Amino acid sequence: TQLLEQSPQFLSIQEGENLTVYCNSSSVFSSLQWYRQEPGEGPVLLVTVVTGGEVKKLKRLTFQFGDARKDSSLHITAAQPGDTGLYLCAGAFNTNAGKSTFGDGTTLTVKP
Amino acid sequence: GAVVSQHPSWVICKSGTSVKIECRSLDFQATTMFWYRQFPKQSLMLMATSNEGSKATYEQGVEKDKFLINHASLTLSTLTVTSAHPEDSSFYICSAINRDGGEDEQYFGPGTRLTVT
């Protein structure tokens, strides 16, 4: 059983459309990270959320941490082909441990 | 930002041989590093936690005698895949924890593509 479930697993959209990726768990996390990974490269950290209900914005990306710190969402506005990649959420149970559990990923393809 | 490097970026080896992969934190010291494995279009699976100066902690199902981890310095951890087999072919990624800012920040290396023929 996957501790962190992401949905959808695959998403293919046209440039300019909006999308939301979800990351859900039955466990409570002390922090949750979102990463973006391109083929053949390591994941790159996009954001860390630590407070229940927290909302963070990074240009066209909006990240939200659920009130109970069990789930999170990533919303992309006006997607661009450069947003194409594998999006991973990762939850940590201890803010000082650094050991995270990864979701199963969402592969996003944005067509021009 | 903090940089983590891996070497080699890709390697092809014959079945039965051993391969060593290096993970270096270039501008910070990391007492803790992690080794992950990733199959195509799948997420990262944690293999082990590498602790400087002590033995690595392996996740359930990961053979410690097959995947040897050495964290001999604060900037270097190595993963050696011993007696490699084709099923060991995968993308291996390390990460290092930077605690300089008071909170843990995890930085990933670019990964090493291992192909066992």
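Shown above is the structure to which this text applies.
The text that follows walks through the structure, step by step, so that each part is easy to find. (Residues numbered from 1 in each chain as written. Chains lettered and ligands numbered in written order. Predicted model: local features only at pLDDT ≥ 70, side-chain atom pairs only at ≥ 80, totals over all residues. Heavy atoms only, no water.)

Looking now at the layout of surface pockets. Roughly 460 Å³ of volume is contained in the largest pocket. At the level of secondary structure, the elements contributing two or more residues to the lining of the largest pocket comprise strand S10 (100–102) of chain A together with strand S4 (32–38) and strand S5 (44–51) of chain B. When residues of the lining of the largest pocket are assigned to their parent elements, the largest contribution, four residues, is made by S5(B). For the lining of the largest pocket, the residue count by class is ten nonpolar, six polar and six charged. (1 Å grid on protein atoms, 1.4 Å probe; cavity = no way out; pocket = protein on both sides within 12 Å on 5 of 7 lines; lining within 4 Å. Points joined across faces, edges and corners; volume = space filled by probe spheres on them. Helix = DSSP H or I, 4+ residues; strand = E, 2+ residues; numbered from the N terminus. Nonpolar A, V, L, I, M, F, W, Y, C, P; charged D, E, K, R; others polar.)

Before going further, it helps to spend a moment on the state of the cysteines. Summed over all chains, the structure comprises two disulfides over all chains. A disulfide bridge connects Cys23(A) with Cys89(A), and the sulfur atoms are separated by 2.0 Å. Its S-S torsion of about 75° marks the bond between Cys23(A) and Cys89(A) as right-handed, since a negative value means left-handed. With Cys23(A) in strand S3 (residues 19–24) and Cys89(A) in strand S9 (residues 85–92), this residue pair connects regions lying 66 residues apart in the sequence. By relative accessible area, Cys89(A) is classed as buried at 0%. Disulfide pairing is shown between Cys23(B) and Cys94(B); the S-S distance is 2.0 Å. (Disulfide = S-S within 2.5 Å. Buried < 20%, exposed > 50% of the residue type's maximum accessible area, 1.4 Å probe, protein only.)

Before going further, it helps to spend a moment on the pattern of salt bridges. All names here are of chain A. Applying the stated criterion across every chain yields a total of five salt bridges over all chains. Here Glu-38 and Arg-36 are joined by a salt bridge, their closest N and O atoms 3.1 Å apart. Note that Asp-83 and Arg-60 form a salt bridge whose closest N and O atoms lie 2.9 Å from each other. Of this pair, Asp-83 sits in the loop between strand S8 (71–76) and S9 while Arg-60 sits in the loop between strand S6 (55–58) and strand S7 (61–65), placing them 23 residues apart in sequence. (Salt bridge = Lys/Arg side-chain N within 4 Å of Asp/Glu carboxyl O.)

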